[in-house]
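Below, each chain spelled out in residue letters.
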There are 2 protein chains.
Amino acid sequence: MENDAPTASKASKSEQTRSLILETAMRLFQERGYDKTTMRAIAAEAGVSVGNAYYYFASKEHLIQGFYDRVTQEHIAATRAAMHGRTDFPERLQAALTAWLDVAEPYHGFAVQFFRNAADPDSPLSPFSAESYPARQTVVDLYREVLAGSTMKLDTEMAEILPELLWLHQMGIVLFWVYDRTPNSTKTRDFVRRTTPMVARVMNLSRYKLIRPLVRDADKLVRDFIVPEAVEPAGHKASQSQR
Amino acid sequence: MENDAPTASKASKSEQTRSLILETAMRLFQERGYDKTTMRAIAAEAGVSVGNAYYYFASKEHLIQGFYDRVTQEHIAATRAAMHGRTDFPERLQAALTAWLDVAEPYHGFAVQFFRNAADPDSPLSPFSAESYPARQTVVDLYREVLAGSTMKLDTEMAEILPELLWLHQMGIVLFWVYDRTPNSTKTRDFVRRTTPMVARVMNLSRYKLIRPLVRDADKLVRDFIVPEAVEPAGHKASQSQR
DNA sequence: CACCCCACTTGAACGCGTTCAAAAGGAGGG
DNA sequence: CCCTCCTTTTGAACGCGTTCAAGTGGGGTG
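Let me sum up the structure you'll find in this document. Computed from a predicted model, the values in this text were never measured in an experiment. (Residues numbered from 1 in each chain as written. Chains lettered and ligands numbered in written order. Predicted model: local features only at pLDDT ≥ 70, side-chain atom pairs only at ≥ 80, totals over all residues. Heavy atoms only, no water.)

1. Focus on the protein's contact with DNA strand C
Alright, step 1. As a structural note, the neighbourhood of DNA strand C is formed by 18 residues, with R40(A), Y54(A), K60(A), S14(B) and Y56(B) the closest of them.
Alright, step 2. Per the 4 Å cut-off to the protein, sugar and phosphate atoms form 57% of the nearby atoms of DNA strand C.
Alright, step 3. Within the side chain of K60(A), one N or O atom sits 2.6 Å away from a phosphate oxygen of DNA strand C.
Alright, step 4. Here a phosphate oxygen of DNA strand C and a side-chain polar atom of Y55(B) are 3.3 Å apart. (Near = heavy atom within 4 Å. Polar contact = N/O pair within 3.5 Å; in protein donor to acceptor, adjacent residues only side chain to side chain.)

Following this line, the structure appears as structure tokens:
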């Protein structure tokens, strides 16, 4: 995750321990769910002490960041594969969203915990937090790609903020998914299938005279309130414990 | 919350204890925040035992339901007062949203904690849960009122689902508010001020031929996926303990 | 009055996430 | 070889939400 530069040629002892704990945690979360996996159990299973786990991860929640990063990486790869050769925008968008559902499905059980954090602005895990800005930007870029590779025509004004909006749209889908208890998230998949063409139609409409002023206002609104200007630079980095 | 019907003419001893605990909890939550208020502290301050608190409230979270109900009641009253005499839809909508912000402001500090828990579909406190269906419906009815009292014209099809959508819209605003750290939630208030007329414009547009099919699809989508048909009746009542 | 029943109350105990002072390595420097 | 200074590791201990077996008390019944 972090760069580790200084020494290490392949994988310092420290780095090994760290990922051993992370892997163990991820496995147990998947096997027993988040709540039923205790820090003691993770430590025991990994063959270290509880305190050691806390040396590498500031809290139990921070272990989830591992899940988040992993899902994001797989999501991007899967989306690129699924979009390959397609230029129809709705198809590409649907590919991206369906890919997310495929990748995240195994974690559905404890994804709830993830979303709990989303509602807490103080949590570094919140998708809106400064700490997760890089991860967020990665996904925004993915949607930029979804858009760029399509034949969809829209004015530059719109094109600029759209990736951000599509990311927000994905967050909405994820919220829907978290609440969805149907097997294999069938309901969410249907929702996506029916929602995607509508999104495309709204985007098309945005070129009509009638709607233009509304679009312009919406654009300005998003710029003023939603998209952060570069995010405050100042020190954080304090994501880990370091006494 | 529960009905208590059987005996009690004015306020059975039981009912007194119950509300004593609730009032104490609400006060401490406000004074110290949710996390820093311990169940032991609540019990001590109320002059009862911890176990007794758990006799009346299944969990610490359940105490928050009190906050939720109170805010809802005040919100409805404040909105009616603010809308009085106005028939312009955007004005009425803005009145409703601003009223919420006014009423909820004192609790901003621990509303975060509340929303954290609310994001959990398993929690009875979730705004989407079956348990909070009545409370939700109360607010949906409020928005029905906002709409009905306005001069805004829209076809019946639209008018039917719109209250639900406006409730959803309010949820979005609340999410925004939770993240807003400006004094007196100025940013959220600006957001509402600028957002409200746009909502009205979208609603107006919905009558144009060009957009009609889109609206029809959206309507169907909402009916199929969002608005629950009376909420499943069956078990899973098992969310809480009850000896 | 004695008895029972049951709504109500108690507080010790449990399991959890988290903290922290202290120990153990281990890599240089003398 | 020892001393020093970090990084890493340990596990007991703390405070919390929650549970539960054991009371307590008052009203109805015989």
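2. Structural notes on the interface of chain B and chain A
Alright, step 1. Between chain B and chain A, the contact holds 37 residues from the first and 37 residues from the second.
Alright, step 2. When the two sides are added together, the surface that chain B and chain A hide from each other amounts to roughly 3500 Å², 66% of it contributed by carbon and sulfur.
Alright, step 3. In this structure, the connection of chain B to chain A is made through 2 salt bridges.
Alright, step 4. One salt bridge in this structure joins D217(B) and R201(A), with 2.5 Å as the shortest N-O distance.
Alright, step 5. On inspection of chain B and its partner chain A, the count reaches 4 residue pairs in polar contact (both at pLDDT 80 or more).
Alright, step 6. Those elements that provide at least two residues to the side of chain B that touches chain A are α6 (108-118), α8 (156-179), α9 (186-205) and α10 (212-226) of chain B.
Alright, step 7. Class assignment of the residues belonging to the side of chain B that touches chain A gives a composition of 22 nonpolar, 3 polar and 12 charged. (Contact = heavy atoms within 4.5 Å. Buried area = accessible area lost by both parts, 1.4 Å probe. Salt bridge = Lys/Arg side-chain N within 4 Å of Asp/Glu carboxyl O. Helix = DSSP H or I, 4+ residues; strand = E, 2+ residues; numbered from the N terminus. Nonpolar A, V, L, I, M, F, W, Y, C, P; charged D, E, K, R; others polar.)

3. Describing the relation of the copies chain B and chain A
Alright, step 1. Mapping chain B onto chain A calls for a rotation angle of 179° and an axial translation of 0.1 Å; the resulting RMSD is 0.3 Å. Taken together, the turn and the small shift mark the pair as related by a two-fold rotation axis. Across chain B, the smallest distance between a C-alpha and the rotation axis is recorded for R116(B), namely 2.8 Å. (Least-squares fit on C-alpha atoms with pLDDT ≥ 70 in both.)

4. Comments concerning the nonpolar core
Alright, step 1. In terms of nonpolar packing, the biggest core is built from 125 residues, with L63(A), F89(A), L63(B) and F89(B) touching the most fellow members.
Alright, step 2. Sequence-distant contacts of L63(B), defined by excluding residues within four places in its chain, comprise I21(B), L22(B), A25(B), M26(B), F29(B), M39(B), I42(B) and F57(B). (Core = buried A, V, L, I, M, F, W, Y, C linked by side-chain atoms within 4.5 Å. Buried < 20%, exposed > 50% of the residue type's maximum accessible area, 1.4 Å probe, protein only.)

5. Thoughts on helix α2 (residues 39-46) of chain B
At 3.6 residues per turn, the α-helix brings residues three or four places apart onto the same side.
All names here are of chain B.
Alright, step 1. When we look at burial in α2, the residues that qualify are M39, A41, I42, A43 and A46.
Alright, step 2. Buried residues along α2 sit against α1 (13-32), α3 (50-56) and α4 (60-83).
Alright, step 3. G47 occupies a position one or two residues after α2 and carries a positive phi of about 75°.

6. A few points about the environment of R207(A)
Residue and element names in this part refer to chain A.
Alright, step 1. Along the chain, the position of R207 falls in the loop between α9 (186-205) and α10 (212-226).
Alright, step 2. Residue classification places R207 among the partly exposed positions, given a relative accessible area of 47%.
Alright, step 3. Setting aside chain neighbours within four positions, we find R207 in contact with K153 and L154.

7. Focus on the protein's contact with DNA strand D
Alright, step 1. Around DNA strand D lies a shell of 17 residues, among which S49(A), Y56(A), R40(B), Y54(B) and K60(B) are the nearest.
Alright, step 2. Atoms of DNA strand D within 4 Å of the protein belong to the sugar or the phosphate in 58% of instances, the rest to bases.
Alright, step 3. In the model, a phosphate oxygen of DNA strand D is placed 2.7 Å from a nitrogen or oxygen of the K60(B) side chain.
Alright, step 4. Of all the secondary-structure elements, those providing two or more residues to the surface near DNA strand D are α1 (13-32) and α3 (50-56) of chain A together with α2 and α3 of chain B.
Alright, step 5. Ranked by residues supplied to the surface near DNA strand D, first place goes to α3(A) with 4 residues.

8. Topic: a nonpolar patch on the surface
Alright, step 1. On the surface, Y208(A), L210(A), Y208(B) and L210(B) cluster together into a nonpolar patch covering about 360 Å² of accessible area.
Alright, step 2. The residue Y208(B) is located in the loop between α9 and α10 in this model.
Alright, step 3. Under the relative-accessibility criterion, Y208(B) is labelled partly exposed at 43%. (Patch = residues over 30% accessible without salt bridge, like charges linked within 9 Å, V, L, I, M, F, W, Y side chains within 5 Å. Areas by Shrake-Rupley, 256 points an atom, 1.4 Å probe, with all protein chains shown as cover.)

9. Here's the deal with the packing of helix α5 (residues 89-104) of chain A against helix α7 (residues 133-148) of chain A
Residues and elements named next belong to chain A.
Alright, step 1. α7 packs onto α5 with a crossing angle of 155° between their chain directions and a minimal axis gap of 9 Å. Classified by the interaxial angle, the pair formed by α5 and α7 is roughly antiparallel. Where α5 crosses over α7, the two elements pack in a sense that is right-handed. Facing α5, whose interface residues are F89, R92, L93, A96 and L97, α7 presents Y143, E145, V146 and L147.
Alright, step 2. In the contact of α5 with α7, the residues fall into 7 nonpolar, no polar and 2 charged. (Axes fitted to C-alpha atoms, helices over the stretch in contact; angles between N-to-C directions. Parallel < 35°, antiparallel > 145°, perpendicular 65-115°, else oblique. Left-handed = near helix turned anticlockwise from the far one by under 90°.)

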